[in-house]
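Coordinates in review
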Amino acid sequence: SAVISQKPSRDICQRGTSLTIQCQVDSQVTMMFWYRQQPGQSLTLIATANQGSEATYESGFVIDKFPISRPNLTFSTLTVSNMSPEDSSIYLCSVLTANTGELFFGEGSRLTVL
Amino acid sequence: GQQVMQIPQYQHVQEGEDFTTYCNSSTTLSNIQWYKQRPGGHPVFLIQLVKSGEVKKQKRLTFQFGEAKKNSSLHITATQTTDVGTYFCAAASGGSYIPTFGRGTSLIVHP
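How each quantity is defined
Residues numbered from 1 in each chain as written. Chains lettered and ligands numbered in written order. Predicted model: local features only at pLDDT ≥ 70, side-chain atom pairs only at ≥ 80, totals over all residues. Heavy atoms only, no water. Helix = DSSP H or I, 4+ residues; strand = E, 2+ residues; numbered from the N terminus. Buried < 20%, exposed > 50% of the residue type's maximum accessible area, 1.4 Å probe, protein only. Contact = heavy atoms within 4.5 Å. Polar contact = N/O pair within 3.5 Å; in protein donor to acceptor, adjacent residues only side chain to side chain. Buried area = accessible area lost by both parts, 1.4 Å probe. Salt bridge = Lys/Arg side-chain N within 4 Å of Asp/Glu carboxyl O. Nonpolar A, V, L, I, M, F, W, Y, C, P; charged D, E, K, R; others polar.

**Let's talk about the environment of Thr21(B)**
Residues and elements named next belong to chain B.
- Counting through the fold element by element, Thr21 comes out in strand E3 (residues 19-24).
- Thr21 gets classed as buried once you look at its relative accessible area, which sits at 0%.
- In sequence terms Thr21 and Pro8 are 13 residues apart; their C-alpha atoms lie 6.4 Å from each other.
- Ignoring sequence-local partners within four residues, the contact set of Thr21 consists of Gln6, Ile7, Pro8, Trp34, Ser72, Ser73, Leu74, Tyr87 and Thr105.
- Here Ile7 takes part through its backbone oxygen, which lies 3.4 Å from a polar atom of the side chain of Thr21.

Below you can see the structure in the form of structure tokens.
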């Protein structure tokens with residue numbers, strides 16, 4: 001199993017500002033992902049955070065809007081840049097266990113953009 | 001990515017009634033996973049099915065994977081208020097190892 005600490009747990013932000021979300025895992029993991037969950041919706045993969053190299057973004061998500069860092073195998077950050085109300089969502093960090101294929105999620109960061 | 005269609009979107013039941021949610025894909029899946037998300041919580045892994053026709057049970061929960069590996073179901077017998085939440089299926093296919101999530105089924109249990 002993996003224990004994932006994510007912060008902030010929630011924040012209220014002003015339009016046009018940026019917020020960085022941190023994700024700390026209690027063990028070294030290769031596969032780390034960032035998901036978005038809009039209110040009442042499913043989980044949408046934003047990107048795969050690659051250690052030591054640029055993140056791999058899914059269709060509809062770009063680095064300028066969602067820059068991601070992964071300096072080591074236990075930590076990653078996601079920045080939501082130049083926020084608008086449409087970015088109000090829960091952002092979830094997740095890791096994949098190679099042996100079981102199970103995804104572990106952090107508790108999420110609930111962003112409200114005014 | 002792989003799309004999985006999940007129905008129904010919502011299900012209201014009286015406590016003690018059964019509940020089933022279904023996932024369907026137009027293509028063959030490598031595996032299928034099920035997650036539960038309690039209100040205000042984060043998704044928690046329940047189970048993974050890999051084999052064609054596989055059936056697994058966890059207490060009152062029964063998970064099935066279709067023979068063609070294109071559909072799956074989660075059945076809860078005699079629901080309890082603790083079963084409230086959204087149940088997601090997630091599936092990887094082809095060469096991808098990253099699961100794509102269905103839209104989820106929200107279960108509301110009335111006492």
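Back to the write-up after that little detour.
**Digging into the interface of chain B and chain A**
- With 15 residues of chain B at the contact, the number on the chain A side is 19 residues.
- Taking both sides of the interface into account, the surface hidden between chain B and chain A amounts to around 1,400 Å²; carbon and sulfur atoms contribute 61%.
- On inspection of chain B and its partner chain A, the count reaches zero salt bridges.
- For the interface between chain B and chain A, the tally reads four residue pairs in polar contact (both at pLDDT 80 or more).
- When contributions to the side of chain B that touches chain A are tallied by element, the ones reaching two or more residues are strand E4 (31-37) and strand E5 (44-49) of chain B.
- In terms of residue count, E4(B) provides more of the side of chain B that touches chain A than any other element does, three residues in total.
- Of the residues contributing to the side of chain B that touches chain A, the split by class is eight nonpolar, six polar and one charged.

**What about the pattern of salt bridges?**
- Under the counting rule described, the total for this entry stands at three salt bridges over all chains.
- Measuring nitrogen to oxygen at the nearest pair gives 2.6 Å for the salt bridge that ties Lys65(A) to Asp87(A). Placement of Lys65(A) in the loop between strand E6 (56-57) and strand E7 (68-72) and of Asp87(A) in the loop between strand E8 (75-80) and strand E9 (89-96) is noted, with a sequence separation of 22 residues between them. There is no split in this pair, since Lys65(A) and Asp87(A) are both buried.
- A salt bridge links Glu54(B) to Lys56(B); the nearest nitrogen and oxygen atoms lie 3.6 Å apart.
- Using a relative accessible area of 15% as the deciding quantity, one classes Glu54(B) as buried.

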